[in-house]
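So you can see what is in the structure, the chains are spelled out below.
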Amino acid sequence: MSWELILWIIFFFINIALLGSTFYQILCLSDLEADYMNPYESSSRINSIVVPDFILQGVLCILFLLTWHWFLFLISVPITCYNAMLFMKRQHLIDVTEVFRTLSAEKKYRVAKLAFYLFLFIIVIIRLVICIFNSVIDEEDAVHIF
């Protein structure tokens, strides 16, 4: 198994984790909007996964940079910088007392992140399939050579 295949598998699982956490945050905000969940519970659930989400996004961006995948690095830099800006300004957590005032903006932000991660997911899946195909073709050619 080549290193490139291992890297694409790592990218795949990181992207799945980011998709799942973003979808969970949207679900919590929708439950709050529909009054199925109280503001404290919703805020605490979302706030508990915000920092790991930021860390995973940063790791994914750094891995794209270190593995010379420039296009994927360049499309993931803006969201990583935005996450860093939110963290530096201490605006990354949802305030329990102001959650209803910022609910629509928070949902729009997370839906945009979900769309971005879906786009990235499609690219990663395509590249993973290409890498698997090339790996299989290379192994079969190596067998036929001997």
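The structure displayed is predicted, hence computed values, not measured ones.

A. Fine view of the UniProt feature "transmembrane region" (unreviewed entry) in the protein. Using the residue numbers shown here, the UniProt feature "transmembrane region" (unreviewed entry) corresponds to residues 5–27, 54–82 and 114–137. With 90% helix and 0% strand, residues 54–82 has end C-alpha atoms that lie 10 Å from one another. This span, residues 114–137, is 100% helix and 0% strand, and a straight line between its end C-alpha atoms measures 34 Å.

B. Spotlight on the packing of aromatic side chains. In the structure shown here, the tally under the stated rule is eight aromatic pairs. Where Phe12 meets Phe13, the ring centres are 5.3 Å apart and the plane angle is 70°; that geometry is what we call edge-to-face. Among the aromatic residues, ring-to-ring pairing joins Trp8, Phe11 and Phe64 into one connected group.

C. Seen up close, the side chain of Asn83. When you line up the elements, Asn83 lands in helix α3 (residues 70–88). Engagement of the side chain of Asn83 in a polar contact is seen with the side chain of Tyr109, the distance being 2.8 Å. When residues no more than four places from it in sequence are discounted, the contact partners of Asn83 are Phe54, Gln57 and Tyr109.

Parameters and conventions
Residues numbered from 1 in each chain as written. Predicted model: local features only at pLDDT ≥ 70, side-chain atom pairs only at ≥ 80, totals over all residues. Heavy atoms only, no water. UniProt positions renumbered as here; feature names shortened; annotations may be inferred. Helix = DSSP H or I, 4+ residues; strand = E, 2+ residues; numbered from the N terminus. Phe/Tyr/Trp six-rings, centres within 6.5 Å; stacked < 30°, edge-to-face > 60°. Polar contact = N/O pair within 3.5 Å; in protein donor to acceptor, adjacent residues only side chain to side chain. Contact = heavy atoms within 4.5 Å.

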